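# Fold and geometry: a report
Okay, here's what each chain looks like letter by letter:
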Amino acid sequence: MSRLLRAEWRKLVTTKLWWGMLIGAVAFTAISVFAQLATNGLKRSQELPLGTGIEQRAILASASVGYIFSMVVGIIFMTTEFRHFTSRPTFLIEPRRGRVVVAKVITGAGLGVLYGLVCSAVAVALMVPWYSSKGITLGWASNDLYLVLLAVFGVVAIFAVVGVGIGVLIRNQITAVISALVWFLLLESLIGALSTLWAWLADIYKFLPAAAASAMTQIDAAPGRGGITLLVPWQGAIVLAAWGLVFAIAGWVTLTRRDVA
Amino acid sequence: MITPEATDPAAARIVAKGLSKHFGDVRAVVDLSFTVEPGSVTGFLGPNGAGKTTTLRMILGLAHPDSGEATIAGRHYRDLQDPGRMVGAVLEANSFHPGRTARNHLRVYTAAAGLPDSRADEVLELVGLTPFARKLAGGFSTGMRQRLALATALLGNPRILVLDEPANGLDPEGIVWLRGFLRHLADNEGRTILVSSHVLSEVEQTVDRVVILRKGQLVREGTLQELRSQQSGSCIVRAPDEAALRAAVASLPNITIAKESDGSLRVGGATGAEIGHAAWVAHVEIHQLSDDQASLEGVFLALTGGTTE
């Protein structure tokens, strides 16, 4: 396994993918957090700008949009094997394909940790000077911001594993990326909106991956999103990671049975 | 340099037994059995679409047969210990990331196979790609891509090489290079090589044995010598008095006579000795009497059912 991990590591660091997408993640996170800071600063009254705990948590939690990039990087990292047929030499050297998938998931998780750390750092780097320039205290301990920061890191990191899982299951790179984006940016929000109408749908919705990710960052889960009760953060983390592993295991099964192009 | 491990020579035998595979309604490979002897260069021949690539992929464990099995040294590919050191393969199409350098591409697989990284530089040298080691593979010409694929296959210094249409897209110079390279690997290093092609002449000077496929089925397996002896025994004969020559050989049983564009006659169904004797008996002057060497390709075409395309 250590050989395969070394091989996967080399695959990762010898192309532009990891840092190209990381630049995207940094930019996207920065824009998202900055937009939150700027608009909330405008719409709040002068006496309590950005001061409430819920605002601070929401602004910090917006850094979790970096998940889009960690997910896509995971998808591309996996599907590149099929797109450029490097799956052939890979599976010729290690015909036990499941081991390759495991090495890929572990390397993807490592990549997720990097993306998670960077996205969290971007949020902190923007929020700390902004707040101090306004003379407002950031409630790291009093408002549970540490936990939100941990959740941001967790969401971004785990989505890299979800991406690798999606990539094993849907091997066409374009199809995989587009399906994932449509699901997370469109369909799941739609299901979320509909579940405010039907309680039975809300029970399903909270176990969907993006809802699980929301559960992670909404530390005080009780108010939930739009009246829907989400899971508690640690449950959200487990559910989200489980989605990644379910995709990877389903992909592993089909990969082992099907022929390699 | 790693030397091939001293093993039982039979360890490098490839055996296909009753292999079958279909894609939808198309029967790509039908009950195919053949053996690739250790230490030989075997040409795996047939027109495009005959099932060569599918068969090679089944041997390499990349595709699952519907029935039958393929073994290398008595084992299925997936059960080989360290397959990277046992078998090297080049399959059609490019198998590398265009944004990775040639050297880094190879170093991915030295890591995966547990080989020293210096091996990447050695195989680059072997295929003459050293000056391009740090160039992105995506910018390589077809010939360089084939060389890089060959370098990848040679990483583990395998006793067995499986090459699918390695000459495809190579310029004449590249084909000559490949021919010499494969001959070197087989003669000086005793490797077992299975090389596919849809053109016999491309590998004729390289292979010892042939396995010929048509529509997924085996039509001939044996040495190149045996294939040559399949020739119908046609001869090219030239004589100043064509009519007298025709009359002289007409006495031979079961012969065919055809006039060639250069005025000589192609006489089929008789050996050179028989034709020469008939001409001598009839006092016919002849200026040329030779076996037709070109017809090996003709035998191949007849076996595989017409055109090579």
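The shown structure was predicted, so the numbers you read here are calculated from the model rather than taken from an experiment.

### Describing the domain arrangement of chain B
What the domain assignment reports for chain B is domain 1 (9-228) and domain 2 (235-291). Of note, the centres of domain 1 of chain B and domain 2 of chain B, computed from C-alpha atoms alone, are 45 Å apart.

### Some thoughts on the interface of chain B and chain A
Each side of the interface is counted separately: chain B has 35 residues, and chain A has 25 residues. Together, the buried faces of chain B and chain A total about 2,600 Å²; carbon and sulfur atoms form 58% of this surface. The interface formed by chain B and chain A contains four salt bridges. Between B:Asp82 and A:Arg3 there is a salt bridge; the shortest N-O distance is 3.1 Å. Our enumeration of links across chain B and chain A arrives at 17 residue pairs in polar contact (both at pLDDT 80 or more).

### With respect to the packing of aromatic side chains
All names here are of chain A. Applying the stated criterion across every chain, the model contains eleven aromatic pairs over all chains. Seen in terms of ring centroids, Phe34 and Trp130 are 5.6 Å apart; in terms of plane orientation they differ by 90°. Their pairing is edge-to-face. Here Phe34 is found in helix 2 (residues 17-43), whereas its partner Trp130 is found in helix 6 (residues 97-134), with 96 residues between them in sequence. Both rings, one in Trp198 and one in Trp200, keep their centres 6.2 Å apart while their planes meet at 20°; by these two values the pair is stacked.

### Things to note about the packing of helix 8 (residues 173-194) of chain A against helix 10 (residues 209-217) of chain A
All names here are of chain A. Contact geometry of helix 8 with helix 10 gives a least axis separation of 9 Å together with a crossing angle of 90°. With respect to their mutual orientation, helix 8 and helix 10 come out roughly perpendicular. Side by side, helix 8 and helix 10 meet where Trp183, Phe184 and Glu188 of the first sit next to Pro209, Ala210 and Ala211 of the second. Counted by class, the contact of helix 8 with helix 10 contains five nonpolar, no polar and one charged residues.

### Things to note about the pairing of strand 11 (residues 256-259) of chain B
Residues and elements named next belong to chain B. Alignment of strand 11 against strand 12 (residues 265-268), held across four bridges, turns out to be antiparallel. Looking at strand 12, one finds that Thr256 is bridged to Gly268. Between strand 11 and strand 12, which pair antiparallel one after the other, the connecting turn spans five residues, and Gly263 there sits at a positive phi close to 95°.

### Notes on empty space enclosed by the protein
This structure, assessed with the given rule, holds four cavities of 30 Å³ or more. Residue assignment for the lining of the largest cavity shows that the elements contributing at least two residues are helix 5 (87-93) of chain A together with strand 5 (87-90), helix 3 (102-113) and helix 5 (142-154) of chain B. When the residues that make up the lining of the largest cavity are grouped by side-chain class, the tally is 16 nonpolar, six polar and one charged. Quantified by volume, the second largest cavity comes out at close to 80 Å³. What lines the second largest cavity is simply B:Pro166, B:Ala167, B:Ile175, B:Leu178, B:Arg179, B:Leu182, B:Val195, B:Ser196, B:Ser197, B:Glu202, B:Val203 and B:Thr206. Secondary structure elements with two or more residues in the lining of the second largest cavity: helix 6 (172-187), strand 7 (192-197) and helix 7 (200-203) of chain B. When residues of the lining of the second largest cavity are assigned to their parent elements, the largest contribution, four residues, is made by helix 6 of chain B. Broken down by class, the residue content of the lining of the second largest cavity amounts to seven nonpolar, three polar and two charged.

### Observations concerning the nonpolar core
Within the largest apolar cluster, 52 residues are counted, with the highest numbers of intra-cluster contacts made by B:Ile193 and B:Leu227. The leading source of residues in this core is helix 3 of chain B, at seven residues.

### Quick notes on the sheet that holds strand 10 (residues 235-238) of chain B
Residue and element names in this part refer to chain B. What the four strands build is an open sheet, ordered 11-12-10-13; its pairing is antiparallel. A strand with exactly one partner marks an edge of an open sheet, and here the two such strands are strand 11 and strand 13 (288-291). Within the sheet, the average angular offset between the axes of one strand and its neighbour, ignoring direction, is 20°. In the sheet, strand 10 pairs with strand 13 via four bridges, with the strands oriented antiparallel. By the bridge assignment, Cys235 is partnered in strand 13 with Asp291. Helix 9 (residues 242-249) contacts strand 10, strand 11 and strand 12 of the sheet and is inclined by roughly 165° relative to strand 11. Helix-sheet contacts for helix 10 (residues 272-281) involve strand 10, strand 12 and strand 13, and the interaxial angle to strand 13 is about 160°.

### Remarks on the layout of surface pockets
Residues and elements named next belong to chain B. Looking at the second largest pocket, its volume works out to about 300 Å³. Around the second largest pocket, the lining comprises 18 residues; the ones closest to its centre are Gly61, Ala63, His64, His76 and Arg78. Broken down by secondary-structure element, the contributors of at least two residues to the lining of the second largest pocket are helix 1 (52-59) and strand 4 (67-72). The element best represented in the lining of the second largest pocket is strand 4, accounting for three residues. For the lining of the second largest pocket, a count of residues per class yields nine nonpolar, five polar and four charged.

Calculation criteria
- Residues numbered from 1 in each chain as written.
- Chains lettered and ligands numbered in written order.
- Predicted model: local features only at pLDDT ≥ 70, side-chain atom pairs only at ≥ 80, totals over all residues.
- Heavy atoms only, no water.
- Domains from an automatic or database assignment.
- Contact = heavy atoms within 4.5 Å.
- Buried area = accessible area lost by both parts, 1.4 Å probe.
- Salt bridge = Lys/Arg side-chain N within 4 Å of Asp/Glu carboxyl O.
- Polar contact = N/O pair within 3.5 Å; in protein donor to acceptor, adjacent residues only side chain to side chain.
- Phe/Tyr/Trp six-rings, centres within 6.5 Å; stacked < 30°, edge-to-face > 60°.
- Helix = DSSP H or I, 4+ residues; strand = E, 2+ residues; numbered from the N terminus.
- Axes fitted to C-alpha atoms, helices over the stretch in contact; angles between N-to-C directions.
- Parallel < 35°, antiparallel > 145°, perpendicular 65-115°, else oblique.
- Nonpolar A, V, L, I, M, F, W, Y, C, P; charged D, E, K, R; others polar.
- Pairing = 2+ DSSP bridges.
- 1 Å grid on protein atoms, 1.4 Å probe; cavity = no way out; pocket = protein on both sides within 12 Å on 5 of 7 lines; lining within 4 Å.
- Points joined across faces, edges and corners; volume = space filled by probe spheres on them.
- Core = buried A, V, L, I, M, F, W, Y, C linked by side-chain atoms within 4.5 Å.
- Buried < 20%, exposed > 50% of the residue type's maximum accessible area, 1.4 Å probe, protein only.

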